[in-house]
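Tertiary structure, described
The primary structure of each chain is shown beneath.
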Amino acid sequence: EPEVTQTPSHQVTQMGQEVILRCVPISNHLYFYWYRQILGQKVEFLVSFYNNEISEKSEIFDDQFSVERPDGSNFTLKIRSTKLEDSAMYFCASSRGGPNTGELFFGEGSRLTVL
Amino acid sequence: AQSVTQLGSHVSVSEGALVLLRCNYSSSVPPYLFWYVQYPNQGLQLLLKYTTGATLVKGINGFEAEFKKSETSFHLTKPSAHMSDAAEYFCAVSSTSGTYKYIFGTGTRLKVLA
């Protein structure tokens with residue numbers, strides 16, 4: 001069964017360093033998303049991406065964050081200069097149509113720890 | 001603005017007992033509603049969804065949920081809990097009017113007692 005894959009599964013970084021989290025969405029999906037979950041808290045929307053541009057972003061997704069689909073398969077989240085409060089589980093998701101047509105398929109997450 | 005409220009951050013049930021996890025939503029337009037499950041150290045897996053049509057929806061692992069517009073609720077139930085049901089459960093809402101995001105509730109951790 002097709003699945004969303006994310007790498008790395010866990011990354012530890014120093015505050016101020018750049019981090020890139022990678023995702024391979026399901027191959028025939030067109031919409032891509034990043035969510036994050038701070039330990040013990042709810043899953044929060046960061047950004048959605050369609051047709052090579054951001055469709056929607058939350059207030060969390062500030063100038064430190066960027067997303068890119070550098071080729072036909074990868075979808076990346078870059079955090080330019082990490083802060084302690086960026087420590088969280090980051091989930092990538094994809095969908096065939098927009099969110100009003102069905103479900104999002106989530107990856108297993110990338111745990112980011114900022115020291 | 002849409003929102004989701006899950007009553008009870010922790011719920012404990014005995015094995016074989018009824019599972020009831022509560023979810024209430026707020027939406028100015030007819031919503032799409034979802035329940036996701038997260039097992040320890042894993043991602044989010046869709047349990048079931050309501051988009052249109054029948055208000056009682058059945059999902060995987062014996063779970064079901066009923067969309068009640070008058071109560072703005074979408075509670076998740078399972079007649080008989082199994083030890084393997086222990087996990088965190090998230091209710092989510094998606095607008096039907098153009099937004100690209102799901103709004104998740106704060107989650108309910110289900111503990112199943114032997």
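The text that follows walks through the structure, step by step, so that each part is easy to find.

Cut-off values and rules
- Residues numbered from 1 in each chain as written.
- Chains lettered and ligands numbered in written order.
- Predicted model: local features only at pLDDT ≥ 70, side-chain atom pairs only at ≥ 80, totals over all residues.
- Heavy atoms only, no water.
- Helix = DSSP H or I, 4+ residues; strand = E, 2+ residues; numbered from the N terminus.
- Buried < 20%, exposed > 50% of the residue type's maximum accessible area, 1.4 Å probe, protein only.
- Pairing = 2+ DSSP bridges.
- Disulfide = S-S within 2.5 Å.

Cis geometry marks the peptide bond from A:Thr7 to A:Pro8, where omega comes out at -10°. Mapped onto the secondary structure, A:Pro8 falls in the loop between strand 1 (5–7) and strand 2 (10–13). With a phi close to 55°, A:Asn51 is a non-glycine residue in the positive phi region. Here A:Asn51 shows up in the loop between strand 5 (43–50) and strand 6 (53–57). For A:Asn51, a relative accessible area of 59% translates into the label exposed. Residues other than glycine seldom take positive phi values, yet B:Asn61 does so here, at roughly 60°. Relative to the assigned elements, B:Asn61 resides in the loop between strand 7 (56–58) and strand 8 (64–68).

Residues and elements named next belong to chain A. Within strand 5, six of the eight residues are buried, which leaves it mostly tucked inside the rest of the structure. As consecutive antiparallel partners, strand 4 (residues 31–37) and strand 5 are separated by five residues, and within that stretch glycine 40 has a phi angle of approximately 80°, a positive value. Sheet topology places strand 5 next to strand 6; four bridges connect them, and they run antiparallel. Bridge pairing in strand 6 places serine 48 opposite glutamate 56. Taken together, strand 5 and the strand that follows it, strand 6, pair antiparallel across an intervening segment of two residues, in which asparagine 51 is found at a positive phi of about 55°.

Turning our eyes to something else, we now look at the state of the cysteines. What we call a disulfide is simply a covalent bond connecting the sulfur atoms of a pair of cysteines. All names here are of chain A. Scanning all chains against the criterion turns up two disulfides over all chains. The disulfide bridge from cysteine 23 ends at cysteine 92, spanning 1.9 Å between sulfur atoms. One quick way to see it: the torsion about the S-S bond of cysteine 23 and cysteine 92 is about -65°, and its sign makes the bridge left-handed. Taken together, the residues span a long stretch of sequence, with cysteine 23 in strand 3 (residues 19–24) and cysteine 92 in strand 9 (residues 88–95) at a distance of 69 residues.

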